[in-house]
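Architecture at a glance
Here is what each chain is made of, one letter per residue.
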Amino acid sequence: MPYVPHTPEDIRRMLDVIGAPSVESLFDEIGPEMRPKRFDLPEGQSEMDVLAHMEALAAKNVSGQVSFLGAGFYDHHIPAAVDALSMRSEFYTAYTPYQPEASQGTLQAIFEYQTAVTRLTGLPYANASLYDGGTALFEAAMMSVRHTGRRKLVVCEAVSPIYRVMLNSYTSNLHLELVTIPHKNGVCDLAALTAALDADTAAVIVQNPNFFGAVSDFSNLFASARAAGVVSIISVYPVLQSVLKTPGEMAADVAVAEGQSLGLPLSFGGPYLGIMTCNKALVRQMPGRVVGRTVDGQGRTGYVLTLQAREQHIRRQKATSNICSNQALCALRALLYLCLVGQEGLTRTANLCLERAHYAAERLTAIPGVARLSGSAPFGNEFAITLPVNAYQVIDKLTSRGVVPGFPLGRYYAGLENALLVACTEKTSMESIGIFAEMLRGSL
Amino acid sequence: MNTVFKKSTPGREGVWPAKPGKAAPDLLPAGLLRGASANLPSLSELDVVRHFTGLSQLNYGVDGNFYPLGSCTMKYNPKFAETVAALPGFTRLHPMLPQLKGAGRLCQGALEVMYETEQLLCEICGMKAFTLHPMAGAHGELTGVMIIAAYHKDKGNKKTKIIVPDSAHGTNPASAHIAGFDVVNLPSKDGIVDPDELAKVLDDEVAGMMMTCPNTLGLFEKNLPRIVEMLRGVDALLYYDGANMNAIMGKMRVGDAGFDVVHLNLHKTFATPHGGGGPGAGPVGVSERLVPYLPISRVEKLEDGQFFLNYDFPKSIGYVAPFYGNFGVVLRAYAYILRLGKAGLVRATEAAVLSANYLRKRLDKVLEVPFDRVCMHEFVASACNMSECHVRALDIAKALLDKGYHAPTIYFPLIVKEALMFEPTETESLDTLDQFADDLIAILAEAEKNPEFVTGAPRTLPVTRLDETRAARNMELTDDL
Ligand SMILES: Cc1ncc(COP(=O)(O)O)c(C=O)c1O
């Protein structure tokens with residue numbers, strides 16, 4: 001049997017030491033009424049056969065399309081060394097670093113990851129990772145509820161609808177009030193958000209760039225929030241954080257992010273990476289693992305899991321979160337990515353994304369009947385256009401010709417059935433933008 | 001070792017993309033741009049490779065070290081599962097493709113993997129349906145308890161409490177609390193749940209009970225049929241923490257045994273290495289009456305064999321994940337189950353239980369085993385001999401590190417003093433188990449003569465014991481603090 005090394009002779013020796021007549025006798029406590037009614041599983045297969053089967057399944061997915069689909073999840077280049085280093089078995093086959101002396105590699109890497117993400121967001125503290133950007137946003141909201149003792153969350157409608165649905169699901173039994181402030185043509189309504197803050201508000205929640213790709217400065221909103229005792233929470237796109245004004249510069253309290261863009265493949269939705277950073281006042285409200293630097297008995301620098309009094313294994317139901325396993329290997333990949341591209345490489349990547357997206361916007365809006373949903377509002381690597389027809393019509397036509405033109409905003413926003421969300425990355429070539437524009441022109 | 005930031009040399013070229021023609025200041029108003037640089041390091045590819053290769057060498061991992069960390073199932077995971085998860089046909093797939101109308105056809109292979117995995121997990125556990133969305137065990141627990149809440153709400157039941165045995169993993173009470181319930185702690189008797197104790201806390205306000213079976217002591221909960229009956233009596237649901245599924249595959253199906261909800265830790269039982277802390281996957285299975293409340297979306301198969309995602313379940317708890325869970329982990333689990341097949345899964349369980357009992361018998365002469373009877377896939381010993389503690393669990397753990405072993409889980413479960421929890425797993429050979437037992441016996445003998453031998457351990461690793469109080473006080477969480 002693969003992966004089980006015991007020979008019949010080994011089994012006999014082991015049973016002798018145990019003093020049991022048979023392996024089956026070890027399961028005697030499972031009474032007849034608890035035994036399986038059935039267990040109809042297929043026969044095992046060779047490694048070669050399973051691989052062939054999986055390759056055949058992979059081939060059933062369409063490949064080779066030119067894609068402008070993003071909506072918060074982007075196809076960036078991943079340096080080859082990210083795979084090579086993250087797959088080193090000493091990283092990959094280790095558990096959570098409960099024994100720090102035998103886990104300094106993992107611990108220092110997490111410490112460096114924490115450092116790297118705080119440099120991106122400009123907020124001083126970070127945890128070791130959460131599941132994804134959506135659960136990170138929920139955890140941030142819960143931090144604000146505990147910190148303020150208030151129960152209202154004010155959310156901008158231009159925050160990813162996926163995250164807003166998640167927030168809704170998670171808070172449905174928690175007696176929290178979710179107030180959604182409508183967007184204005186894909187841009188956050190800063191005045192309405194500010195007006196909604198009151199003495200019951202725990203947090204105001206925004207995203208930059210928002211789901212529509214629009215970029216804003218939330219400094220004034222966050223200042224009003226601070227004055228009202230409201231926690232400011234912002235979700236960001238890490239690649240663009242190399243050039244965009246940081247949550248720290250806007251004086252946010254908590255910045256979270258989906259870290260997928262940092263060295264993780266799209267992989268049909270996961271594993272991804274929830275990034276969490278915050279200011280000092282909220283550190284002890286953070287969920288999950290945190291690594292800190294210290295010294296050993298001989299004064300040598302070392303790293304440990306710290307502030308554990310927040311966590312479930314100590315505090316049980318009083319913990320700040322239930323999270324145990326996180327996305328450590330994804331955090332390692334994000335760190336590797338950031339180190340391999342470095343400061344210059346990440347800035348170039350962000351600029352390429354911006355350049356391609358702005359070129360695409362120019363080409364697409366030159367087509368009669370096509371306009372930007374948000375007018376001239378600033379945007380990052382993604383933007384929304386309105387079409388003279390239902391967006392699904394365009395998607396149907398173009399995908400059958402090898403181009404995935406973007407995401408239909410009507411899927412989540414009533415009234416925007418004719419709007420399409422278009423994303424570019426550094427992998428989007430100028431030529432493919434031209435092909436897309438011509439195809440769109442021809443299809444309308 | 002210096003941090004990677006200290007090794008930065010400005011001007012050194014990394015894996016840079018081509019130079020862009022335009023930059024952010026050309027395209028966006030200055031007020032939207034960051035002032036100071038993010039100050040990420042400037043390193044060559046080799047600088048980065050050296051640094052992280054060096055860091056990795058400071059770690060123990062399953063591929064290099066026996067890792068009997070109880071409750072964590074640190075078995076060897078076959079490499080072909082990695083090949084599967086890295087197939088470009090899967091890694092390049094954008095998760096929103098199925099939402100483009102009429103484009104579910106663009107990712108039929110991925111949907112088929114999800115559908116088939118759900119079917120296999122249903123058969124392994126005896127459940128009616130599974131969702132693959134939860135991204136770890138604890139996330140599965142939260143999802144499961146939210147489903148329990150939705151069920152009671154829908155029926156108009158006023159239920160406020162979840163019962164959690166005192167031997168449960170810390171995530172159980174934490175998950176129940178985050179889902180909005182009051183947690184009722186249930187003391188165990190003789191290592192397992194006692195129906196008389198349960199009767200004392202069971203009332204109409206109980207929404208459900210979370211059980212781990214075998215429990216965290218590695219003991220089978222033999223009063224299970226009685227417990228199921230008692231909970232049914234008050235319309236409370238029974239939740240199964242499946243972190244220990246590797247102990248019962250083919251021997252018990254949780255659905256047949258009367259459980260309504262189960263989460264599995266795919267990263268423990270089904271072939272995903274732990275990655276230094278994650279990612280994992282915590283799929284949740286439910287009985288028939290809970291199917292309407294599962295998270296959306298759900299993958300379905302049409303008459304013509306095509307797969308699609310259905311979002312139309314009005315009673316669903318909604319989204320717990322942005323998409324379909326940690327799909328990469330699901331791919332590994334699916335391939336692993338196909339590789340082992342029915343007989344292989346049963347063999348894995350049998351070997352895990354055989355190994356744990358063998359190690360228990362090799363060690364119960366030198367360590368107190370508070371519940372010294374047949375165990376399942378793991379057992380818990382105590383460093384305290386009767387009431388006297390000559391040596392602490394922590395010290396034994398550190399001495400084992402010096403011998404090249406990862407330590408067992410220590411100080412968990414909380415109900416055993418100076419607990420040492422051993423889980424040898426099915427993939428370790430008899431030679432490894434014997435060598436480990438011999439070395440541990442030698443450590444204990446040496447500790448008796450010379451306590452400093454263990455209290456001063458470890459001595460052979462990159463650092464000795466670290467000052468955890470200082471770490472918590474100074475809160476130096478980044479290189480910039
Ligand atoms: C018994 C038990 N339940 C739940 C969990 C939580 O699983 P995860 O770490 O994947 O969230 C674990 C693992 O740590 C466990 O051992």
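Residues numbered from 1 in each chain as written. Chains lettered and ligands numbered in written order. Predicted model: local features only at pLDDT ≥ 70, side-chain atom pairs only at ≥ 80, totals over all residues. Heavy atoms only, no water.

**Observations concerning the overall build of chain B**
Quick reminder of the rule: Strands are runs of DSSP state E lasting at least two residues, helices are runs of H or I lasting at least four, and both sets are numbered from the N terminus onward. This radius of gyration counts C-alpha atoms alone. The globule rule is 2.2 Å times how many residues there are, raised to the power 0.38. Residue exposure (1.4 Å probe, protein chains only): buried if accessible area is under 20% of the type maximum, exposed if over 50%, otherwise partly exposed. Contact definition: two residues touch when any of their heavy atoms are within 4.5 Å. To measure how exposed things are, a 1.4 Å probe is used in the Shrake-Rupley method; for residues, cover is taken only from the protein chains shown. When charges are counted, Lys and Arg are positive and Asp and Glu negative, with His and the chain ends excluded. A charged residue contributes its charge at one atom only: NZ of Lys, CZ of Arg, CG of Asp or CD of Glu.
When its secondary structure is counted, chain B shows 15 helices and twelve strands. Its C-alpha atoms give chain B a radius of gyration of 25 Å, within 12% of the compact-globule value 23 Å for 481 residues. Taken over the C-alpha atoms alone, chain B extends approximately 75 × 60 × 45 Å along its principal axes. Per-residue burial for chain B yields a buried fraction of 68% across its 481 residues. Taking the contacts inside chain B whose residues are at least 6 apart along the sequence as the reference set, 69% of them involve residues at least 24 apart. Roughly 15500 Å² of accessible area belongs to chain B as shown, and the carbon and sulfur atoms make up 49% of that amount. Across chain B, the centroid of the 48 positively charged side chains sits 3 Å from that of the 56 negatively charged ones.

**Examining unusual backbone geometry**
In the segment running from B:G278 into B:P279, the intervening peptide bond is cis, with an omega of 5°. Residue B:P413 is bonded to the preceding B:F412 through a cis peptide linkage, with omega at 0°. The backbone phi angle of A:Y3 is positive, close to 70°, even though this residue is not glycine.

**Let's talk about the layout of surface pockets**
As a reminder, the rule being used: Cavity means a closed set of points on a 1 Å grid over the protein atoms alone, one where a 1.4 Å probe fits but cannot get out, pocket means an open set with protein on both sides within 12 Å along at least 5 of 7 lines, and lining means a residue has an atom within 4 Å of a point. Grid points are joined across faces, edges and corners, and a volume is the space filled by probe spheres set on the points. By the convention adopted, Pro, Cys, Tyr, Trp, Phe, Met, Ile, Leu, Val and Ala count as nonpolar, Lys, Arg, Asp and Glu as charged, and the other residues, Gly among them, as polar.
Estimates place the volume of the second largest pocket at around 890 Å³. Together, 36 residues line the second largest pocket, and A:Y98, A:Q308, A:H313, B:I410 and B:Y411 are the ones closest to its centre. Secondary-structure elements contributing two or more residues to the lining of the second largest pocket are β10 (301-305) and α10 (312-315) of chain A together with α12 (393-402), β11 (409-410) and α15 (468-474) of chain B. Top contributing element to the lining of the second largest pocket by residue count: α10(A), with three residues. For the lining of the second largest pocket, the residue count by class is 20 nonpolar, ten polar and six charged.

**Quick notes on the pairing of strand β15 (residues 419-423) of chain A**
Residues and elements named next belong to chain A. Quick reminder of the rule: Two strands pair under a simple rule: DSSP has to find at least two bridges between them.
Of all the five residues making up β15, five are buried; the element is thus mostly covered by neighbouring parts of the structure. Of the two faces of β15, the one carrying A419, L421 and A423 and the one carrying L420 and V422 are both buried. As defined by bridge partners, strand β12 (residues 382-386) adjoins β15 across five bridges and the pair is classed as antiparallel. Within β15, the residue paired with A384 across the bridge is L421.

**Digging into the sheet that holds strand β7 (residues 284-286) of chain B**
Residues and elements named next belong to chain B. In plain terms, the rule: Axes here mean lines fitted to C-alpha atoms, for a helix over just the part in contact, with angles spanning 0 to 180 degrees between N-to-C directions.
In spatial order, the strands read β1-β7-β6-β5-β4-β2-β3; together these seven strands make up an open sheet with mixed pairing. Two strands bound the open sheet, and with one partner strand each, they are β1 (129-131) and β3 (182-186). Strand-to-strand twist in this sheet, taken as the mean axis angle between neighbours without regard to direction, amounts to 25°. As paired elements, strand β2 (residues 161-165) and strand β4 (residues 206-212) share three bridges and run parallel to each other. The residue of β4 that forms the bridge with K161 is V206. Contacting β1 and β6 (261-264), helix α5 (residues 108-125) crosses the sheet at an angle of about 125° to β1.

**Digging into the environment of B:S287**
One can find B:S287 in the loop between β7 and β8 (298-301). Leave out the neighbours within four places in its chain, and B:S287 touches B:M127, B:K128, B:F259 and B:D260.

**Details of the domain arrangement of chain B**
The condition that has to hold: For the purposes of this description, domain bounds are those given by an automatic or database domain assignment.
Its domain assignment divides chain B into domain 1 (4-56) and domain 2 (81-338). If you average the C-alpha positions of domain 1 of chain B and of domain 2 of chain B, the two centres end up 42 Å apart.

**Here's the deal with the interface of chain A and chain B**
Quick note on the threshold: By buried area we mean the combined loss of accessible area, with a 1.4 Å probe, across both parts when two parts are placed together. Counted as salt bridges are all cases of a side-chain nitrogen of Lys or Arg within 4 Å of a carboxyl oxygen of Asp or Glu. We call two N or O atoms a polar contact when they sit within 3.5 Å, provided that within protein one can donate a hydrogen and the other can accept it, with sequence-adjacent residues counted only if both atoms are side-chain atoms.
Opposite the 180 residues of chain A that make contact, chain B presents 204 residues. Counting the surface lost from both chain A and chain B, the interface buries some 17100 Å², and carbon and sulfur atoms represent 64% of this. The three residues of chain A that bury the most area against chain B are A:Y3, A:R119 and A:F268, which together make up 6% of that side's buried surface. Inspection of the region where chain A meets chain B yields nine salt bridges. One salt bridge connects A:K60 with B:E112, and the closest N-O pair in it is separated by 2.7 Å. Where chain A touches chain B, the interface holds 90 residue pairs in polar contact (both at pLDDT 80 or more). The dominant element in the side of chain A that touches chain B, judged by the number of residues it contributes, is helix α11 (residues 328-365) of chain A, at 22 residues.

**Quick look at the sheet that holds strand β3 (residues 152-156) of chain A**
Strand pairs in the sheet, formed through backbone hydrogen bonds, run parallel or antiparallel to each other. Residue and element names in this part refer to chain A. Strand order across the open sheet formed by seven strands is β2-β8-β7-β6-β5-β3-β4, with mixed pairing between neighbours. Strands at the two margins of the open sheet, each flanked by one partner only, are β2 (125-126) and β4 (177-181). In the sheet, strand β6 (residues 231-236) pairs with strand β7 (residues 254-258) via four bridges, with the strands oriented parallel. Note on β7: the bridge partner recorded for V236 is A257.

**Points about the domain arrangement of chain A**
Many structure descriptions define interface size as the accessible area lost when the parts assemble. Residue and element names in this part refer to chain A. The domain architecture assigned to chain A consists of domain 1 (66-77 + 342-443) and domain 2 (80-335). Using C-alpha coordinates to define each centre, domain 1 is positioned 28 Å away from domain 2. The partner domain 2 presents 28 residues to the 28 residues of domain 1 that form the contact. Taken over both partners, the interface formed by domain 1 and domain 2 buries close to 2200 Å², and the fraction arising from carbon and sulfur atoms is 70%. Interface area lost by domain 1 to domain 2 is led by F73, L346 and Y413, which between them contribute 30%. At the boundary of domain 1 with domain 2, the tally comes to zero salt bridges. Joining domain 1 to domain 2, the criterion identifies nine residue pairs in polar contact (both at pLDDT 80 or more).

**Topic: the packing of α12(B) against helix α13 (residues 430-449) of chain B**
Residue and element names in this part refer to chain B. What counts, and what does not: Oblique is the label for any angle not under 35 degrees, not over 145, and not in the 65 to 115 range, which are roughly parallel, roughly antiparallel and roughly perpendicular in turn. By definition, turning the near helix anticlockwise from the far helix through less than a right angle yields a left-handed crossing, and turning it clockwise yields a right-handed one.
Packing of α12 against α13 leaves a shortest axis separation of 10 Å and a crossing angle of 125°. Comparing their axes, α13 and α12 come out oblique. The handedness of the crossing between α12 and α13 is right-handed. Residue-level inspection shows I396, A399 and L400 of α12 in contact with α13, the latter providing F436, L440, I443 and L444. In terms of residue class, the contact of α12 with α13 is made up of seven nonpolar, no polar and no charged.

**Observations regarding the environment of B:D479**
Topologically, B:D479 is positioned in the segment after α15. C-alpha separation for the pair B:D479 and B:K6, spaced 473 residues apart in sequence, amounts to 9.0 Å. Sequence-distant contacts of B:D479, that is, excluding residues within four places in its chain, are made with A:F111, A:T115, A:R293, B:T3, B:F5 and B:K6. Within the structure, the side chain of B:D479 is placed 2.5 Å from the side chain of B:T3, a separation counted as a polar contact.

**Concerning the packing of aromatic side chains**
Put simply, the rule is: Stacked, edge-to-face and tilted labels apply to pairs of Phe, Tyr and Trp rings (six-membered ring for Trp) whose centres lie within 6.5 Å, assigned for plane angles under 30 degrees, over 60, and everything in between, in that order.
As enumerated under the stated definition, the model contains 27 aromatic pairs over all chains in all. Seen from their ring centres, A:F138 and A:Y170 are 4.7 Å apart, and the 25° between their planes marks the pair as stacked. Here A:F138 is found in helix α6 (residues 133-148), whereas its partner A:Y170 is found in helix α7 (residues 161-171), with 32 residues between them in sequence. Accessibility expressed as a relative area gives 4% for A:Y170, which makes it buried. The interplanar angle of 90° and the centroid separation of 6.3 Å between the aromatic rings of B:F66 and B:Y405 together place this pair among those described as edge-to-face.

**Things to note about empty space enclosed by the protein**
The final tally for this structure, using the stated rule, is ten cavities of 30 Å³ or more. Approximately 200 Å³ is the volume found for the largest cavity. A:G72, A:Y74, A:Q207, A:P209 and A:Y237 are the residues nearest the centre of the largest cavity, which is lined by 20 residues in total. Class assignment of the residues belonging to the lining of the largest cavity gives a composition of nine nonpolar, nine polar and two charged. No fewer than three residues from each of domain 1 (66-77 + 342-443) and domain 2 (80-335) of chain A sit in the lining of the largest cavity. What the second largest cavity holds in volume is close to 160 Å³. As for the second largest cavity, its lining consists of 19 residues, and the residues nearest its centre are B:H169, B:T171, B:A243, B:N265 and B:K268.

**Examining the site of the ligand**
Just so we agree on the cut-off: We call a residue near a given molecule or strand whenever any one of its heavy atoms falls within 4 Å of it. Being in a pocket or cavity means that more than half of the molecule's atoms lie within 2 Å of its grid points.
As a matter of local geometry, the ligand sits amid 15 residues, with A:S325, B:S71, B:D241, B:H267 and B:K268 nearest to it. Positioned at a junction of chains, the ligand has nearby residues supplied by chains A and B. Between B:G137 and the ligand, the recorded distance is 2.7 Å, taken from a backbone N or O atom to an oxygen atom. Between the ligand and B:D241 there is a distance of 2.6 Å, counted from a nitrogen atom to a side-chain nitrogen or oxygen. Notes on the ligand: free accessible area 380 Å², of which the protein chains cover 99%. If you map the ligand onto the pockets, it falls in the second largest cavity. Secondary structure elements with two or more residues in the shell around the ligand: α6 (137-155) and α10 (266-269) of chain B. Element by element, the count of residues in the shell around the ligand is highest for α6(B), at three residues. Among the residues forming the shell around the ligand, the class breakdown is five nonpolar, seven polar and three charged.

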